[in-house]
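Here's the letter readout for the chains.
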Amino acid sequence: MNTVVQHHLDAGWAYSLWTEDELEELVPTMPYARLYRNPHQYVLPGRERQFQADLARYWILARYGGVYVDADIEFHRSLDDLPAPSAQPPVGMPYGDWRPDPTPTWMAWEKQGEFIGNSVIGNRPARGNAMEMIVDSVERNVLKLRQRDGLTSASRLTGPRFLTRLFGTPAPGLIHMYDQELFYPYAWDDVAKGKVPPQPGPRTIATHHWNNQRAINSAWRPPYPPDAGNIPVFML
């Protein structure tokens, strides 16, 4: 997480790395604690930590707020450089009923217009906001899929496919969606296909390296441990 420190601490951000011990103290407060405690009952083998990390990030964001980033994110510049959310009401909402929120829930497209990513999420705690909707919906989704399909992927249970089904495409006004190129300049399977760009684009804030799947180009080699993508990191 060297690039998180490099681009944010001097700019007044606070940084918190949630260790296993801290998460253990948090779990009893989760409304879906039984899912976190028993991931093997719901998710495919080898994806247990991904499943647990999803559950942890949603609860911490709903309860405390801040910005969540996966530990295999490489920052190229500060989140302060993010474009401001649109100063327009959501589609379908009368302008007179709308009040601009300077710190809405925000995410980015993992695949533009198709899948909502959950490797970088910002949220301000507020009753009825998007993060509360996620916390209220995730257990129902997990139990429904478990009964219907048996063990399945973390993406369908708690990850991008779950979020995309919940909020749709395009996402509604509850979430401010940033373009894919800001955080996901290449897809998870582009490494094997040799389609990784040689360097970040001019608009890219940070690059998600897909659980340490490294590109051949030396510019894309963040020094993270193999399971770094499963460690929740928060900045406030």
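Before reading on, note that the structure itself is shown above.
Here's what I pulled together on the structure shown here. No experiment lies behind these values; they were computed from the predicted model shown. (Residues numbered from 1 in each chain as written. Predicted model: local features only at pLDDT ≥ 70, side-chain atom pairs only at ≥ 80, totals over all residues. Heavy atoms only, no water.)

Remarks on the overall build of the protein chain
For the protein chain, the count of helices and strands is eight helices and nine strands. Per-residue burial for the protein chain yields a buried fraction of 48% across its 236 residues. In the protein chain, once contacts between residues fewer than 6 apart in sequence are set aside, the share between residues at least 24 apart is 71%. Surface summary for the protein chain: the accessible area is close to 11700 Å², and the carbon and sulfur share equals 52%. (Helix = DSSP H or I, 4+ residues; strand = E, 2+ residues; numbered from the N terminus. Buried < 20%, exposed > 50% of the residue type's maximum accessible area, 1.4 Å probe, protein only. Contact = heavy atoms within 4.5 Å. Areas by Shrake-Rupley, 256 points an atom, 1.4 Å probe, with all protein chains shown as cover.)

Focus on the pattern of salt bridges
For the coordinates displayed, the defined rule picks out twelve salt bridges. A salt bridge links Asp54 to Arg57; its shortest N-O distance comes to 3.2 Å. Taken together, the positions of Asp54 and Arg57, both in helix α4 (residues 48–64) and three residues apart, correspond to about one turn of that helix. Since its relative accessible area comes to 1%, Asp54 is described here as buried. Overall, the relative accessible area of 3% leaves Arg57 in the buried class. Close ionic contact of Asp70 with Arg57 constitutes a salt bridge, the shortest N to O distance being 3.5 Å. With a gap of 13 residues between them, Asp70 in the loop between β2 (66–69) and β3 (73–75) and Arg57 in helix α4 connect regions that are remote in the sequence. (Salt bridge = Lys/Arg side-chain N within 4 Å of Asp/Glu carboxyl O.)

Comments concerning the pairing of strand β4 (residues 105–111)
Both faces of the sheet carry side chains from a regular strand, because those side chains alternate between them. Of all seven residues in β4, six are buried, a share of seventy percent or more. Note that β4 and strand β7 (residues 175–178) share four bridges and pair parallel. Paired with Met107 across the two strands is Met177, which belongs to β7. Sheet topology note: the β4/strand β5 (residues 115–116) ladder contains two bridges and is antiparallel. Bridging from a neighbouring strand, Lys111 pairs with Phe115 of β5. The loop that links β4 with its antiparallel partner β5 comprises three residues; one of these, Gly113, has a positive phi angle of about 75°. (Pairing = 2+ DSSP bridges.)

A closer look at the packing of aromatic side chains
Overall, the coordinates contain five aromatic pairs when judged by the stated rule. Ring plane angle 80° and centroid distance 5.5 Å describe the contact between Trp106 and Tyr178, whose orientation is recorded as edge-to-face. Placement of the pair is Trp106 in strand β4 and Tyr178 in strand β7, with a sequence separation of 72 residues. Per residue, the accessibility class of Trp106 equals that of Tyr178, and both read buried. Through a chain of ring-to-ring contacts, the aromatic side chains of Trp106, Tyr178 and Phe183 assemble into a single cluster. (Phe/Tyr/Trp six-rings, centres within 6.5 Å; stacked < 30°, edge-to-face > 60°.)

Quick look at the nonpolar core
Core analysis: the largest hydrophobic core is formed by 38 residues, its most contacted members being Met30, Tyr32, Phe51, Tyr58 and Met107. Looking at this core, the elements that each hand over two or more residues are α2 (20–26), α3 (33–37), α4, β4, α5 (130–149), α6 (154–157), α7 (160–167) and β7. Here this core gets eight residues from one element, more than from any other, and that element is α4. With residues near it in sequence (within four places) discarded, Tyr32 still touches Leu55, Tyr58, Trp59, Val135, Val138 and Glu139. Counting 20 residues, the second largest nonpolar core, distinct from the first, contains Val4, Leu82, Tyr178 and Tyr186. (Core = buried A, V, L, I, M, F, W, Y, C linked by side-chain atoms within 4.5 Å.)

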